[in-house]
Amino acid sequence: GDSVTQMEGPVTLSEEAFLTINCTYTATGYPSLFWYVQYPGEGLQLLLKATKADDKGSNKGFEATYRKETTSFHLEKGSVQVSDSAVYFCALRDYNTNAGKSTFGDGTTLTVKP
Amino acid sequence: DGGITQSPKYLFRKEGQNVTLSCEQNLNHDAMYWYRQDPGQGLRLIYYSQIVNDFQKGDIAEGYSVSREKKESFPLTVTSAQKNPTAFYLCATSRSGAYEQYFGPGTRLTVT
């Protein structure tokens, strides 16, 4: 079945450092890929998405490129801020082979220190 | 204002009692989901519904029940059969197809 593997955390960075959170996936079909962010005590929010190979999703300075050849969707940001401290989830959804269900990674906790 | 409402935000119950968590949406989305999140862990799917009057079990449905009588509402009942019900419960919605999910603010349930 489908699966998502995320880089294990926690990740601790200094403000203005470069961020990479790795995400690889296994899927039998052609999934859409997502990054969600969860702030303490809240629900998840969509951060960015990509629906086909070579698409780049971007939002709030974060980027991720859908790489079919390496089955990856790594999250990057050039200069993190303290306010980026949160848990980040990589996810996929393949409606054709797993209708109605998303598959989530285990989440990566990011802490940014001033 | 479109969105997903979960109430209450915090819920406390004694062991052996059933409790129902509310989830309401005005996004006009067909699909609704319930997830459980334990500290430091990812999301686990409890139940989901793609259409009114129909729902499917997720990965951890034992000890839980749902109903979907209206498009806007998908309540989750945590029964006394659930061995370890203390957790953070998240409701989500989506349009049909490979689209993103929208999440509610969550309900933190504590059973003692």
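Residues numbered from 1 in each chain as written. Chains lettered and ligands numbered in written order. Predicted model: local features only at pLDDT ≥ 70, side-chain atom pairs only at ≥ 80, totals over all residues. Heavy atoms only, no water.

Engineer: What's the story with the overall build of chain B in this structure? I'm lost.
Structural biologist: When its secondary structure is counted, chain B shows zero helices and eleven strands. Scanning chain B from its N terminus toward the C terminus, one meets helices and strands in the order β-β-β-β-β-β-β-β-β-β-β. Here the C-alpha atoms of chain B give a radius of gyration of 13 Å, agreeing with the 13 Å that 2.2 N^0.38 yields for 112 residues. The principal-axis extent of the C-alpha atoms belonging to chain B is close to 40 × 25 × 25 Å. (Helix = DSSP H or I, 4+ residues; strand = E, 2+ residues; numbered from the N terminus. Rg over C-alpha atoms; globule rule 2.2 N^0.38 Å.)

Engineer: It is not clear to me how the sheet that holds strand S1 (residues 4-7) of chain B should be interpreted in this structure. Could you clarify?
Structural biologist: Backbone hydrogen bonds are what pair the strands of a sheet, in a parallel or an antiparallel way. Residue and element names in this part refer to chain B. Overall, antiparallel pairing links the four strands, which are arranged S1-S3-S8-S7 in an open sheet. The open sheet has two edge strands with one neighbour each: S1 and strand S7 (64-66). The mean inter-strand angle of the sheet, taken between neighbouring strand axes irrespective of direction, is 20°. For S7 and strand S8 (residues 76-78), the ladder comprises three bridges, and the chain directions are antiparallel. Across the sheet, the residue bridging to Ser 65 is Thr 77, located in S8. (Pairing = 2+ DSSP bridges. Axes fitted to C-alpha atoms, helices over the stretch in contact; angles between N-to-C directions.)

Engineer: Explanation requested: unusual backbone geometry in the structure shown.
Structural biologist: In most cases, non-glycine residues show a negative phi, while peptide bonds are predominantly trans. Going from Gly9(A) to Pro10(A), the amide bond is cis rather than trans, its omega being -5°. Turning to its location among the elements, Pro10(A) is positioned in the loop between strand S1 (3-6) and strand S2 (11-14). With an omega of -10°, the peptide bond running from Ser7(B) to Pro8(B) counts as cis. Mapping Pro8(B) onto the fold places it in the loop between S1 and strand S2 (10-13). Residue Glu16(A) is not a glycine yet carries a positive backbone phi of 75°. Taking relative accessible area as the criterion, Glu16(A) reaches 60% and is therefore assigned exposed. Of note in this structure, Asn28(B) is not a glycine but carries a positive phi near 60°. Among the secondary structure elements, Asn28(B) is positioned in the loop between strand S3 (19-25) and strand S4 (31-37). (Buried < 20%, exposed > 50% of the residue type's maximum accessible area, 1.4 Å probe, protein only.)

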